[in-house]
Amino acid sequence: MRAAVRFGLLYLLSLLLLFALGHRNQVEKAALARMEARLAELKAEEEALLQETWRASRPLRVLEWAEKEGFIPMSKGRWAP
């Protein structure tokens, strides 16, 4: 009778361990999915920022900004008398 109780307890402990490992695996899988989604969002944001940087650094755009801010291009510079 003792052997049956011992094996029953071992069986219950092994089921509990299996349940705990399965639950941990599901939690980690959900966390990984959240991190992958966040990574995709960050990559899309990085791409948008890179495109905006490229658009803002085009020569004509920089020239427009400089003229609006009051800067004079060196090619149009004048010597003061």
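You'll find the structure just up there.
Residues numbered from 1 in each chain as written. Predicted model: local features only at pLDDT ≥ 70, side-chain atom pairs only at ≥ 80, totals over all residues. Heavy atoms only, no water.

Undergrad: Looking at this structure, I do not really get the overall build of the chain. What am I missing?
TA: Across its full length, the chain carries two helices and zero strands. A compact globule built from 81 residues should have a C-alpha radius of gyration of about 12 Å, whereas the chain, at 33 Å, is more than 25% larger. Along the first, second and third principal axes, the C-alpha atoms of the chain reach 115 × 20 × 15 Å. Expressed as a percentage of the 81 residues in the chain, the buried residues total 1%. Put simply, the chain shows about 8,200 Å² of open surface, and 67% of that area lies on carbon and sulfur atoms. Charge centroids of the chain, computed over 13 positive and 10 negative side chains, lie 10 Å from each other. (Helix = DSSP H or I, 4+ residues; strand = E, 2+ residues; numbered from the N terminus. Rg over C-alpha atoms; globule rule 2.2 N^0.38 Å. Buried < 20%, exposed > 50% of the residue type's maximum accessible area, 1.4 Å probe, protein only. Areas by Shrake-Rupley, 256 points an atom, 1.4 Å probe, with all protein chains shown as cover. Lys, Arg positive; Asp, Glu negative; His and termini not counted. Charge placed at Lys NZ, Arg CZ, Asp CG, Glu CD.)

Undergrad: Sorry if this is basic, but what is going on with the packing of aromatic side chains here?
TA: Centre-to-centre distance and the angle between the planes together describe a pair of aromatic rings. Following the criterion strictly, the structure yields one aromatic pair and no others. The side chain of Arg58 reaches across the aromatic face of Trp54, ending 5.9 Å from its centre. (Phe/Tyr/Trp six-rings, centres within 6.5 Å; stacked < 30°, edge-to-face > 60°. Lys NZ or Arg CZ within 6 Å of the ring centre and 35° of its normal.)

Undergrad: Explain the pattern of salt bridges to me, please; I cannot follow it from the model alone.
TA: Note that side chains of opposite charge can pair when their charged atoms are close. Applying the stated criterion to the full structure yields three salt bridges. A salt bridge links Glu28 to Arg24, with the shortest nitrogen-to-oxygen separation between them at 3.3 Å. Residue Glu28 and its partner Arg24 are both found in helix α1 (residues 2–56); the two are separated by four residues, about one turn of the helix. A residue is classified by how much of its surface remains accessible, and Glu28, at 42% relative accessible area, is partly exposed. A relative accessible area of 52% places Arg24 in the exposed class. (Salt bridge = Lys/Arg side-chain N within 4 Å of Asp/Glu carboxyl O.)

Undergrad: Where do I start with a nonpolar patch on the surface in this structure?
TA: Together, Met1, Val5, Leu9, Tyr11, Leu12, Leu15 and Leu18 line one region of the surface with nonpolar side chains, adding up to about 800 Å² of accessible area. With respect to the secondary-structure elements, Val5 resides in helix α1. Under the relative-accessibility criterion, Val5 is labelled partly exposed at 45%. (Patch = residues over 30% accessible without salt bridge, like charges linked within 9 Å, V, L, I, M, F, W, Y side chains within 5 Å.)

Undergrad: I keep staring at the environment of Leu12 and nothing clicks. Help me out?
TA: Structurally, the position occupied by Leu12 is in helix α1. Accessibility expressed as a relative area gives 52% for Leu12, which makes it exposed. Sequence-wise, Leu12 and Gln26 are 14 residues apart; in three dimensions their C-alpha atoms are separated by 21 Å.

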